[in-house]
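Structural features, examined
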Amino acid sequence: MTKEELHIRLNSGRISKPQINGLVQQLEKQPEMAQALFNEVLLEDKVGTFNASWTFDHLMRKKLIYILPIFEDFVNRLSELKTESCIRPIAHVCEMVCEAYFKKKNPDFVQNITDDQLEKMMSSCFDWLIGPMNIAPKVFSMTCLYYLGLKYDWVHPELKLVLEDSYATGTTGYKNRAKKTLDKLAKLGV
């Protein structure tokens, strides 16, 4: 598949889950297309669609390693995203990256992701957590920030303050994840 073919497939109307799966199967064989797909995410953010971001999320679920060659661009562009339909799947990708780095301690991620890149991701996650998003980006951001706080001492106290402050006005799902996160922080003595 070429960049042009990818662009046409992603911009020919809403695509179904089976179509996403077929597209992901093709892209799994073309790691060099991860950058082109992420570029499509940035384009669609401006028009409010989500085919590319949904596809990007599903590709990363299968081949998260494909993000590493483009990770610098990925973290540099996170703050540009404005529409929730794009932020939600990208926040999920951030969560997967944090799990690979901190929970699984995958050497490919630990050795190739810099502190500067983690800090950029952290900044976007705080923005999504305190911003006017629905629950999914906030939940993914909570998880990211919990993991990032294992490396950066100041993150856990700030995360705790945000969660305690927003708990009462959160949705049921938000409260559920916030409570779990607060419980984990308490076990760490935060």
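Let me sum up the structure you'll find in this document. (Residues numbered from 1 in each chain as written. Predicted model: local features only at pLDDT ≥ 70, side-chain atom pairs only at ≥ 80, totals over all residues. Heavy atoms only, no water.)

**Re the environment of Lys-120**
Relative to the helices and strands, Lys-120 resides in helix α8 (residues 115–130). Accessibility expressed as a relative area gives 26% for Lys-120, which makes it partly exposed. It is 32 Å that separates the C-alpha atoms of Lys-120 and Ser-16, two residues lying 104 residues apart in sequence. Among all residues touching Lys-120, those that are not within four sequence positions of it are Glu-72, Val-75 and Asn-76. (Helix = DSSP H or I, 4+ residues; strand = E, 2+ residues; numbered from the N terminus. Buried < 20%, exposed > 50% of the residue type's maximum accessible area, 1.4 Å probe, protein only. Contact = heavy atoms within 4.5 Å.)

**Comments concerning helix α2 (residues 17–28)**
The terminal C-alpha atoms of α2, which comprises twelve residues, lie 16 Å apart, in line with the 16 Å expected from a rise of 1.5 Å per residue. What α2 keeps buried is the set Ile-20, Leu-23, Val-24 and Leu-27. Each buried residue of α2 lies within a common arc of 105° when the element is viewed along its axis, so the set occupies one face. Summarising the geometry of α2, the exposed residues directed more than 90 degrees from the buried face are Pro-18 and Gln-25. (Expected span 1.5 Å × (residues − 1). Arc of directions from axis to C-beta.)

**Topic: unusual backbone geometry**
You will see that Lys-105, though not glycine, has its phi angle at about 50°, which is positive. Here Lys-105 is to be found in the loop between α6 (84–103) and α7 (107–112).

**Section: the side chain of Asn-51**
When you line up the elements, Asn-51 lands in helix α4 (residues 51–62). On the accessibility criterion, Asn-51 (5% relative accessible area) is buried. When residues no more than four places from it in sequence are discounted, the contact partners of Asn-51 are Leu-10, Gly-13, Arg-14, Ile-15, Ile-20 and Glu-44.

That's the geometry; what it means functionally is another story.
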